[in-house]
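Below are the chains, spelled out letter by letter.
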Amino acid sequence: MILNAIKNFFAGLAKPKTPKAPKNPYFCNQWSLFLEQEVSFYRSLNDQDKVIFEQRALLFLETTTVESGQINVSDQDKLLVAASAIIPVWAFPDWHYLNLKTVYLLPHAFNENFEIGQPDSCITGMVGTGPMAGKMILSQPALHLGFSNDRDKQNVGIHEFVHLIDMMDGKCDGYPERLLDHQYSIPWFELMEKKIQEITRRKSNIRQYGATNPAEFLSVTSEYFFERPQMLQQKHPVLFASLSEIYQQDVREIKEDIKVRKKDPCPCGSGKRYKHCCIEVS
């Protein structure tokens, strides 16, 4: 009996063990738990990639200020801003937002003069050039809603960071040259024109704002891509393939945990009941 125990002991020493991803010593457990609960993209990663995600979040926050003159900025606010930045460029580990220095959070939606509580205060995110160069402004509630409701194909944080990616080549034209070779530009612009026409004719479940211009089309469809990848692949397979090429990601593994009842309106915006529309891809 003792001999068998000794054999088992040495057999255990000889058996190779699966190495665990080392815990990030600078990332507290509460932050990891928050990302696990709120960010579907993070939740879908394996343990090793979660550590890398956390490291990239820390690097982003070391080089980018997240502040507000009207509300207290929490660690959770900062983590969601960092997540918004990392998700679109996950496949590009050396990516840095050289065109961003500060993210300002406002307590509500705002107008073009950054005023809240006005009849025209309906903007939830903004980046730009000139006085806005190096700056991003986000509605704090909209930032959180973009992650807490990950079935509505809208995420203002991702939307605005895609604009910054688009602008890295000096133009905000709906074609992110830093991510995609120039040879793909003609097929992409042709596809974009076709899809914008479908939106304009209300023959698409891509939200109307995507038809504003090519830059907004890229950002709106990128939100869709990262929030509802399976639905996008089913309803717009060529667009899904093109965005997969741009971002170099297979996002179909992103978990969609929120359940919709069969009789509810379909979250794709078609106007049909869920059971008669996208139930098979949810």
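Structure: see above.
Conventions and cut-offs
Residues numbered from 1 in each chain as written. Predicted model: local features only at pLDDT ≥ 70, side-chain atom pairs only at ≥ 80, totals over all residues. Heavy atoms only, no water. Helix = DSSP H or I, 4+ residues; strand = E, 2+ residues; numbered from the N terminus. Contact = heavy atoms within 4.5 Å. Areas by Shrake-Rupley, 256 points an atom, 1.4 Å probe, with all protein chains shown as cover. Expected span 1.5 Å × (residues − 1). Buried < 20%, exposed > 50% of the residue type's maximum accessible area, 1.4 Å probe, protein only. Pairing = 2+ DSSP bridges. Axes fitted to C-alpha atoms, helices over the stretch in contact; angles between N-to-C directions. Salt bridge = Lys/Arg side-chain N within 4 Å of Asp/Glu carboxyl O.

> I would appreciate a short explanation of the overall build of the protein chain in the present structure.
Within the protein chain, the secondary structure is distributed over 11 helices and four strands. Partitioning the intrachain contacts of the protein chain with sequence separation of at least 6 by distance along the chain shows that 61% fall at a separation of at least 24. Entry remark: accessible area of the protein chain is about 15200 Å², with carbon and sulfur atoms responsible for 53%.

> Even after reading the chapter, I still don't get helix 4 (residues 47-63), so can you show me in this structure?
Turn by turn, an α-helix covers 3.6 residues, leaving residues three or four places apart pointing in a common direction. Given a rise of 1.5 Å per residue, 17 residues ought to cover 24 Å, and the 25 Å separating the end C-alpha atoms of helix 4 matches this to within 8%. Buried within helix 4 are the following residues: Lys-50, Val-51, Phe-53, Glu-54, Arg-56, Ala-57, Leu-58 and Phe-60. Those residues of helix 4 that are buried are in contact with helix 2 (29-38), helix 3 (40-43), helix 5 (75-86), strand 2 (100-106) and helix 7 (156-167).

> I keep staring at the sheet that holds strand 2 and nothing clicks. Help me out?
The pairing of strands in a sheet happens through backbone hydrogen bonds and is either parallel or antiparallel. Pairing in this open sheet of four strands is mixed, and the strands run 1-2-4-3 from one edge to the other. Pairing within the sheet leaves two strands with one partner each, and these edge strands are strand 1 (65-67) and strand 3 (125-127). Across the sheet, the mean angle separating the axes of adjacent strands is 15° when strand polarity is ignored. Examined bridge by bridge, strand 3 and strand 4 (residues 134-139) share three bridges and lie antiparallel to one another. Bridge pairing in strand 4 places Gly-125 opposite Leu-138. Against the sheet, helix 6 (residues 140-148) touches strand 2 and strand 4, its axis set at about 75° to strand 4. Against the sheet, helix 7 makes contact with strand 2, strand 3 and strand 4, and its axis sits at roughly 15° relative to strand 3, the strand it touches most.

> Even after reading the chapter, I still don't get the pattern of salt bridges, so can you show me in this structure?
Here the idea is simple: oppositely charged side chains can pair when their charged atoms come close. Enumeration according to the criterion identifies four salt bridges in this entry. Two residues, Glu-36 and Lys-50, come together in a salt bridge whose shortest N-O distance is 2.8 Å. With Glu-36 in helix 2 and Lys-50 in helix 4, this pair connects stretches of sequence that are 14 residues apart. Taking relative accessible area as the criterion, Glu-36 reaches 27% and is therefore assigned partly exposed. A salt bridge links Glu-223 to Arg-207, with the nearest nitrogen and oxygen atoms 2.8 Å apart.

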